[in-house]
Amino acid sequence: MAKDYYGILGIRRDASADEIKRAYRQLARQFHPDVNADPEAQEKFKEINAAYEVLSDPKKREIVDLGGDPLGPGGSAGAGTGPFVGFQDIMDAFFGNAGPRGPRSRTRAGADAILRLELDLNETAFGTEAPISVDTAVVCQTCSGAGTAPGTHPTSCDTCGGRGEIQSVQRTFLGQVVSSRPCPTCQGYGTVIPNPCAKCGGDGRTRARRNLTVKIPAGVEDGMRIRLAGQGEVGPGGGPAGDLYVEIHERPHDIFSRKGDDLHCRVTVPMTAAALGTRITIKALDSEETVDVRPGTQPGATLRIRGKGVPHLRGSGRGDLHVHLDVRTPTKLTSDEERMLRDFAHVRGEEVAELSRQKGGFFSAIRDAFNGQA
Ligand SMILES: [Zn+2]
Ligand SMILES: [Zn+2]
């Protein structure tokens, strides 16, 4: 049975020459080995090539339409068996871009750079001006980026005649395809530098350490990046510099942990203060705050002090400070204190055990209790 060449290209039997071309181009984009590394895609692309070869040729297409197979039994005997035509060359063949693309410029844009900056909470919260130093590429002072030794100039490349690329004509089922590759002598520049600058070796730039000051706005967060336009690496041949990104890393704080613009801290209050209520003074980031601990406060209760967190980066206002209260139970009691607490428990009808406090402390007391020796 003859192969379904129409089905392979996904077109109707009455498809026009243009539609066949379009279908092939689309499938080449999807399955060409240059753009799709899957081995199955390679097999699929062979079939697509065979289908295109057959259907783009009116004589071969007629044989298909009469129920035959112009490629003989087994299908793709002729097509797709040779080396693949490059993906870009196929696109060029269709769009007529096969002419010279011209030499590429020695001047190219520089790369972006990233720098890590560690800051304390006070600095991220209220902003700062941080000195930074970057190791980066700068324009070569000797040749001003040209890459040539003083008094010399680049000369036209003999291999490619200054075009920067070398063309070869391939005969394929698509017809003649002109394929071009960068000239190996000049790497596509069209010129060679016979006397490179001794300082930069012809690259047009050198490494240097630069010192800058970066302004950190109030309210930045861990992981944020601040962009300094044009402070990255200078490009080859003195090309425009890339950008420098300063990535903020906030050092952990001894007292405060940060969640967004809210701050959290822990404060311990004695059991009696939690029961009776008290007034405590909190050292916030930039102020002292006095807050009331209400009578009957439970362990884990939270006090919120509004507007004492980190300033918002955008807009005005600040986050809140959350004070988490730990309630401390006394670990040692004098006999007077113990008697008072027992009286207190007795008044409230609360059950307490009589664990010995003389025999080696708390743990042995528990052990004794379990062993029934208490
Ligand atoms: Zn130089
Ligand atoms: Zn060349």
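Above this text is the structure in question.
Rules used throughout
Residues numbered from 1 in each chain as written. Chains lettered and ligands numbered in written order. Predicted model: local features only at pLDDT ≥ 70, side-chain atom pairs only at ≥ 80, totals over all residues. Heavy atoms only, no water. Donors = N, O, S within 2.8 Å, 3.2 Å for Na, K, Ca; no water. Tetrahedral: all angles 85-135°; square planar, octahedral: opposite > 155°, others 65-115°. Buried < 20%, exposed > 50% of the residue type's maximum accessible area, 1.4 Å probe, protein only. Axes fitted to C-alpha atoms, helices over the stretch in contact; angles between N-to-C directions. Helix = DSSP H or I, 4+ residues; strand = E, 2+ residues; numbered from the N terminus. Parallel < 35°, antiparallel > 145°, perpendicular 65-115°, else oblique. Left-handed = near helix turned anticlockwise from the far one by under 90°. Contact = heavy atoms within 4.5 Å. Nonpolar A, V, L, I, M, F, W, Y, C, P; charged D, E, K, R; others polar. Pairing = 2+ DSSP bridges. Salt bridge = Lys/Arg side-chain N within 4 Å of Asp/Glu carboxyl O.

### Focus: the coordination of the zinc ion (ligand 1)
Coordination angles at a metal have ideal targets, namely 109.5 degrees for four tetrahedral donors and 90 or 180 degrees for six octahedral donors.
Okay, so step 1: C140 (SG), C143 (SG), C197 (SG) and C200 (SG) make up the full set of protein donors to the zinc ion (ligand 1), lying at 2.3 Å.
Okay, so step 2: Considering all four donor atoms around the zinc ion (ligand 1), angles at the metal cover 105 to 117 degrees and the coordination shape is tetrahedral.
Okay, so step 3: Mapping the donors of the zinc ion (ligand 1) onto the primary sequence gives the spacing C-x2-C-x53-C-x2-C. The pair C197 / C200 is uniform in exposure class, with both members buried.

### Brief notes about the packing of helix 2 (residues 17–31) against helix 3 (residues 39–55)
Okay, so step 1: In the contact formed by helix 2 and helix 3, the axes pass within 10 Å of each other and the chain directions differ by 165 degrees. Taken together, the axes of helix 2 and helix 3 are roughly antiparallel relative to one another. Two packed elements cross with a definite hand, and for helix 2 against helix 3 that hand is left-handed. In contact with I20, K21, Y24, L27, A28 and F31 of helix 2, helix 3 contributes A41, K44, F45, I48, N49, Y52 and L55.
Okay, so step 2: A per-class count over the contact of helix 2 with helix 3 returns 10 nonpolar, one polar and two charged.

### Thoughts on the environment of R61
Okay, so step 1: For R61, the location among the structural elements is in helix 4 (residues 58–65).
Okay, so step 2: For R61, a relative accessible area of 16% gives the class buried.
Okay, so step 3: Look past the residues within four positions of R61 in its chain and what remains in contact with it is Y6, R13, D14, A15, I20, V54 and L55.

### Quick notes on the pairing of strand 4 (residues 165–172)
Okay, so step 1: Looking at chain direction, strand 4 and strand 5 (residues 175–182) are connected through eight bridges and run antiparallel. In the sheet register, V169 faces strand 5, and the bridge partner there is V178.
Okay, so step 2: In this antiparallel pair of consecutive strands, strand 4 and strand 5, the connection spans two residues.

### Thoughts on the coordination of the zinc ion (ligand 2)
Okay, so step 1: Taken together, the protein donors to the zinc ion (ligand 2) comprise C157 (SG), C160 (SG), C183 (SG) and C186 (SG), at separations of 2.3 Å.
Okay, so step 2: Taken together, the four donor atoms coordinating the zinc ion (ligand 2) and their angles of 103 to 115 degrees define a geometry best described as tetrahedral.

### Quick notes on the sheet that holds strand 1 (residues 113–119)
Okay, so step 1: With mixed pairing, three strands are arranged side by side in an open sheet as 1-9-8. Strand pairing shows two members of the sheet lacking a second neighbour, strand 1 and strand 8 (225–228), which therefore form its edges. Each strand axis lies, on average, 25 degrees off the axis of its neighbour in the sheet, ignoring direction.
Okay, so step 2: When strand 1 meets strand 9 (residues 244–250), the two strands line up parallel, connected through seven bridges. Directly across from E118, in strand 9, lies its bridge partner H249.

### Considering the packing of helix 3 against helix 4
Okay, so step 1: Helix 4 packs onto helix 3 with a crossing angle of 100 degrees between their chain directions and a minimal axis gap of 6 Å. The angle between the axes of helix 3 and helix 4 places the two elements in the roughly perpendicular class. On helix 4, the residues that touch E53, V54 and L55 of helix 3 are K60, R61 and V64.

### What about the pattern of salt bridges?
Okay, so step 1: Scanning the model with the defined rule gives 25 salt bridges in all.
Okay, so step 2: With a closest N to O distance of 3.0 Å, R12 and D14 form a salt bridge. Like R12, the residue D14 is exposed in the burial classification.
Okay, so step 3: Several salt bridges share partner residues, and in doing so they unite R116, E118, D120 and R251 into one network.

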